[in-house]
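Structure at a glance
One letter stands for each residue in the lines below.
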Amino acid sequence: MVLDDRNASDTASASEPFRDLSTFAAPKPRKPSMSKIFDIDMIKAVYDRIPSRIAAARKVVGKPLTLTEKILYAHLWQGDAEGAYQRGKDYVDFAPDRVAMQDATAQMALLQFMTTGRKQVAVPSTVHCDHLIQARVGAKQDLQDALNKSNEVFTFLESISNKYGIGFWKPGAGIIHQVVLEQYAYPGGMMIGTDSHTVNAGGLGMVAIGVGGADACDVMSGLPWELKWPKLIGVKLTGKMSGWTASKDVILKVAGVLTVKGGTGAIVEYFGPGAESLSCTGKGTICNMGAEIGATTSTFGYDDSMRRFLTGTGRAEVAKLADAIAEHLTGDPEVYAEPEKYFDQVIEIDLSTLEPHVNGPFSPDLAHPISKFGEAVKKNNWPARLEVGLIGSCTNSSYEDLTRAASLAQQAIDKKLKVKSEFTITPGSEQVRFTAERDGILEKFDAMGGVVLANACGPCIGQWARHTNDPDRKNSIITSFNRNFAKRNDGNPNTHAFVASPEIVTALAIAGDLTFNPLTDELVNEEGRKVRLDEPEGLELPPKGFGVEDPGYKAPAEDGSQVEVIVKPGSDRLQLLEPFPAWDGKNITNAVLLIKAKGKCTTDHISMAGPWLRYRGHLDNISNNTLTGAVNAFNGETDKVKDQLTGEYGKVPDTQRHYKAEGIPSVVVGDHNYGEGSSREHAAMQPRHLGVRAVLVKSFARIHETNLKKQGMLALTFANESDYDKVQEDDRIDLTDLVNFAPERPLTLVFKHKDGGRDTVMADHTYNAQQIEWFKAGSALNLIRQQNN
């Protein structure tokens with residue numbers, strides 16, 4: 001192996017390539033479609049055991065089962081269920097079927113995995129290169145630029161995948177979640193992925209859960225994966241959508257009902273005749289954006305739309321296997337007949353009366369029916385002029401999505417409407433892009449003035465070189481993406497980002513006006529005539545079937561023992577990991593307050609994406625963005641905190657590095673739903689690397705709390721939320737009973753104020769005995785190393 005983490009400033013460039021870029025060249029012509037069914041033997045094995053596993057679960061539970069319960073009980077690490085589990089209380093070990101990783105998070109996950117001593121991953125695993133491609137001018141040039149700029153990272157990911165038996169999807173192959181839906185997802189399965197939108201695979205009836213890289217490392221190492229047994233939210237869908245309403249509107253409505261934290265600790269299960277009327281990719285859209293309500297995941301029962309999609313994507317054999325155990329791939333009839341008896345919460349939505357929605361700005365749960373959205377724009381003085389409309393992303397980039405949006409593009413051409421806003425299109429996979437181009441869909445977007453971007457995440461995650469002469473101007477954009485936090489897409493805190501279906505995004509981009517309601521309003525065309533947009537039309541699946549010349553997949557070596565893992569000497573992009581120090585067995589005393597974060601503090605605020613993605617494989621370099629987006633409760637500013645040692649104000653990472661250099665522990669205090677958003681474990685690893693010892697908040701988002709635990713941090717919540725107000729800027733903090741750290745036993749913190757006063761605060765936690773061992777060892781990975789040694 002070539003292993004070197006020495007620091008240097010230059011990365012590989014086009015003029016000095018670290019490796020021949022032809023390895024990652026844009027897909028070249030090959031066969032017309034993919035014929036291989038991945039991991040079919042694994043799927044058969046899972047289906048063979050599902051009936052007996054469910055029978056054992058039914059015996060111990062003693063009541064009808066939801067689909068969620070069936071999948072969970074069928075994937076217990078121990079095998080057959082020996083007892084029933086309590087929702088929201090019991091920690092349970094599971095055996096997921098597979099792991100998926102995107103290139104930004106795969107770097108840290110695999111840097112951790114390579115220290116475990118294993119020769120190959122224990123379960124089928126894949127890496128998908130979709131995050132490191134910046135949207136700038138168009139697909140071809142943007143992809144080539146990414147190959148030039150991130151060549152060493154792609155080389156590392158390809159080589160480490162090749163060595164450890166991991167399937168590798170090259171840059172340009174597509175967005176991880178769309179590729180997983182098309183190639184790997186199957187009804188009744190269980191998977192984890194190092195991205196919060198792993199939940200997209202619920203559209204094919206899986207329990208698919210976003211996790212941090214340490215969790216992925218556990219499963220790839222052949223260890224059980226731990227999850228608190230979730231609560232269950234049932235969403236009953238009745239009626240049938242028509243006209244302008246799309247599947248996206250279901251989750252936009254649900255987000256408005258549950259808010260960004262209403263699904264925390266729960267799995268959402270959709271059912272009812274309305275659910276069966278939705279396409280499989282439409283179901284995927286709904287599950288995908290379930291991450292925005294904090295849900296552990298979302299899922300649907302197996303039905304004909306899934307059967308059609310499996311067959312349409314070349315997996316008829318999987319559909320046949322699913323048909324044979326179809327009764328086990330959906331909830332029991334008694335559950336859906338009386339859902340209130342079996343779910344912790346039930347929401348009912350009539351698709352026949354559901355209006356298209358627009359959510360935002362700045363939060364994906366601020367829901368507006370289209371009939372009231374224009375009024376909200378005026379009332380709140382949001383910029384009514386729409387500057388950019390963006391469709392695609394992992395949430396809405398299916399063939400169906402593109403055809404419905406393209407039907408509006410064709411109308412703009414036929415009705416002689418000049419598109420008033422910039423318009424971009426992001427296909428979800430090379431398979432979708434190739435098929436859409438073959439079928440004449442992309443040329444409709446081109447004719448209306450749209451720009452087709454690379455098959456990658458792009459603007460959805462801040463990888464967008466936006467065309468603007470004022471990067472701080474107050475403005476509005478609308479996307480069919482999933483998240484719209486401030487600065488999420490373009491780095492501008494004044495960009496008002498709204499979320500809607502691809503159809504609504506396209507219509508509003510044509511109008512260039514957020515107050516336009518395409519269901520009722522008219523537009524004036526280039527001839528001065530008033531015209532109306534007709535309802536969009538689309539195709540669930542391509543009539544000619546999917547086609548692709550090169551999907552962008554590279555299989556790993558059967559024996560990777562001689563494969564080199566390539567890390568460029570002197571890289572500032574990749575850094576080998578040093579183990580975090582173990583707990584010294586003592587109470588923490590005289591810690592300083594690093595920051596008291598006020599309001600929304602997502603993983604974007606803790607570890608921004610955008611240009612910082614380049615450092616996702618270098619823990620020390622990316623730590624320079626730690627908590628720079630968090631709002632300091634004492635001055636209302638970002639990235640400006642008081643250094644307790646000097647009394648001066650400075651940047652958060654710089655201040656924390658000063659504390660670390662002086663050997664002084666520190667604590668972060670936060671508000672509600674701290675760490676919502678992306679699954680990025682960097683938001684936990686960076687504070688840990690810089691010396692933060694504990695995070696004390698009103699409440700956590702699920703994935704972030706788990707990530708903190710995995711990295712050996714103390715993740716604590718105020719026993720009394722009002723104690724948040726007692727925390728003062730110059731506080732020194734003692735954890736007085738950490739030596740007695742135990743499950744279900746609160747910890748005591750003493751906040752020593754500058755004026756000599758003191759406040760004693762009780763902090764709750766959710767650590768079980770195993771998780772406390774992670775803390776004592778310094779991290780979960782440290783325990784894995786010990787076990788393997």
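Residues numbered from 1 in each chain as written. Predicted model: local features only at pLDDT ≥ 70, side-chain atom pairs only at ≥ 80, totals over all residues. Heavy atoms only, no water.

1. Here we look at the environment of Asp323
- Examined against the element boundaries, Asp323 turns out to sit in helix α12 (residues 316–324).
- We classify Asp323 as partly exposed; its relative accessible area is 35%.
- Sequence separation between Asp323 and Asp304 is 19 residues; the distance between their C-alpha atoms is 9.7 Å.
- A distance of 2.7 Å separates a polar atom in the side chain of Asp323 from a polar atom in the side chain of Tyr302. (Helix = DSSP H or I, 4+ residues; strand = E, 2+ residues; numbered from the N terminus. Buried < 20%, exposed > 50% of the residue type's maximum accessible area, 1.4 Å probe, protein only. Polar contact = N/O pair within 3.5 Å; in protein donor to acceptor, adjacent residues only side chain to side chain.)

2. Thoughts on unusual backbone geometry
- Cis geometry marks the peptide bond from Gly360 to Pro361, where omega comes out at 5 degrees.
- Along the chain, the position of Pro361 falls in the loop between β12 (357–359) and β13 (367–369).
- Positive phi is not limited to glycine here, since Thr259 has a value of about 70 degrees.
- Among the structural elements, Thr259 can be located in the loop between α8 (247–258) and β9 (266–271).
- Phi is positive for Phe362, which is not a glycine, with a value near 70 degrees.
- Mapped onto the elements of the fold, Phe362 is located in the loop between β12 and β13.

3. Regarding the environment of Asn621
- Within the secondary structure layout, Asn621 lies in helix α20 (residues 619–622).
- On the accessibility criterion, Asn621 (18% relative accessible area) is buried.
- As a C-alpha pair, Asn621 and Gln575 span 46 residues in sequence and 9.0 Å in three-dimensional space.

4. Concerning helix α25 (residues 780–788)
- Residues of α25 that are buried include every one of Ala780, Leu781, Asn782, Leu783, Ile784 and Arg785, and no others.
- Buried-residue contacts for α25 involve α3 (103–113), α7 (213–220), α23 (702–710) and α24 (769–777).
- One side-chain oxygen at the N-terminal end of α25 lies 3.4 Å from the backbone nitrogen of Leu781; it belongs to Ser779. (Contact = heavy atoms within 4.5 Å.)

5. Here's the deal with the sheet that holds strand β10 (residues 297–300)
- As summarised here, the arrangement of the four strands in space is β10-β9-β8-β11, forming an open sheet in which the pairing is parallel. On the outer flanks of this sheet lie β10 and β11 (345–350), each paired with one strand and no other. When the angles between neighbouring strand axes are averaged without regard to direction, this sheet yields 20 degrees.
- The sheet contact formed by strand β8 (residues 231–238) and β9 spans six bridges and is parallel. Residue pairing in the sheet places Ile233 in a bridge with Val268 of β9.
- Across the sheet, helix α2 (residues 67–74) is in contact with β8, β9 and β10; its angle to β9 comes to roughly 125 degrees.
- The sheet strands contacting helix α10 (residues 280–288) are β9 and β10, and the helix crosses β10 at an angle near 160 degrees. (Pairing = 2+ DSSP bridges. Axes fitted to C-alpha atoms, helices over the stretch in contact; angles between N-to-C directions.)

6. So, the sheet that holds strand β5 (residues 190–193)
- In space, the six strands of this open sheet follow the order β6-β5-β2-β3-β4-β21, with mixed pairing throughout. Of all strands in the sheet, those bounded by a partner on one side alone are β6 (207–210) and β21 (553–554).
- As defined by bridge partners, strand β2 (residues 98–102) adjoins strand β3 (residues 125–128) across four bridges and the pair is classed as parallel. Bridge pairing in β3 places Ala100 opposite Thr126.
- Along the sheet, helix α5 (residues 151–164) makes contact with β3, β4 (167–169) and β21, crossing β4 at roughly 155 degrees.

7. Comments concerning the environment of Phe516
- As for its placement among the helices and strands, Phe516 is situated in the loop between α18 (502–511) and β19 (523–524).
- Counting along the chain gives 372 residues from Phe516 to Gln144, while the straight-line C-alpha distance between them is 38 Å.
- In this structure Phe516 touches Ala507, Leu508, Ala511, Asp521, Glu522, Leu523 and Leu533, once residues within four positions along its chain are discounted.

8. Regarding the pairing of strand β18 (residues 495–499)
- Of all five residues making up β18, five are buried, and the element is well covered by its neighbours.
- Side chains of β18 alternate between two faces, with Thr495, Ala497 and Val499 and His496 and Phe498 buried alike.
- Sheet topology note: the strand β17 (residues 475–479)/β18 ladder contains five bridges and is parallel. From the neighbouring strand, Thr479 faces β18, where its bridge partner is Val499.

9. Brief notes about the layout of surface pockets
- The computed volume of the largest pocket comes to approximately 670 Å³.
- If you go around the largest pocket, you meet 33 residues; those closest to its centre are Lys228, Thr264, Gly265, Arg702 and Glu705.
- Ranked by residues supplied to the lining of the largest pocket, first place goes to α23 with five residues.
- In terms of residue class, the lining of the largest pocket is built from ten nonpolar, twelve polar and eleven charged. (1 Å grid on protein atoms, 1.4 Å probe; cavity = no way out; pocket = protein on both sides within 12 Å on 5 of 7 lines; lining within 4 Å. Points joined across faces, edges and corners; volume = space filled by probe spheres on them. Nonpolar A, V, L, I, M, F, W, Y, C, P; charged D, E, K, R; others polar.)

10. Some details on the pattern of salt bridges
- Summed over all chains, the structure comprises 42 salt bridges.
- Across the salt bridge formed by Arg53 and Asp80, the nearest N and O atoms sit 3.7 Å from each other. On the criterion of sequence distance, the pair formed by Arg53 in helix α1 (residues 40–61) and Asp80 in the loop between α2 and β1 (91–94) is long-range, its members being 27 residues apart.
- Arg53 gets classed as buried once you look at its relative accessible area, which sits at 14%.
- The closest approach of N and O atoms between Lys710 and Asp218, which form a salt bridge, is 2.2 Å. Of the two residues, Lys710 is situated in helix α23 and Asp218 in helix α7; the sequence distance between them amounts to 492 residues. The residues Lys710 and Asp218 share a single accessibility class, namely buried. (Salt bridge = Lys/Arg side-chain N within 4 Å of Asp/Glu carboxyl O.)

11. Brief notes about the side chain of His357
- Considering the arrangement of structural elements, one finds His357 in strand β12.
- According to the relative accessible area criterion, His357 is buried, its value standing at 5%.
- A distance of 2.8 Å separates the side chain of His357 from the backbone oxygen of Glu355, its partner in a polar contact.

12. With respect to the packing of aromatic side chains
- Within the structure shown, the criterion is met by 25 aromatic pairs.
- Here the aromatic rings of Trp169 and Tyr553 are separated by 5.0 Å at their centres, their planes lie at 50 degrees, and the arrangement is tilted. With Trp169 in strand β4 and Tyr553 in strand β21, the pair connects residues that are 384 residues apart, well separated along the chain.
- A relative accessible area of 17% places Tyr553 in the buried class.
- Sitting above the plane of the Tyr615 ring, Arg614 keeps its charged end 5.2 Å from the centroid.
- The cationic tip of Lys709 hangs over the ring face of Tyr767; the distance from NZ or CZ to the ring centre is 5.0 Å. (Phe/Tyr/Trp six-rings, centres within 6.5 Å; stacked < 30°, edge-to-face > 60°. Lys NZ or Arg CZ within 6 Å of the ring centre and 35° of its normal.)

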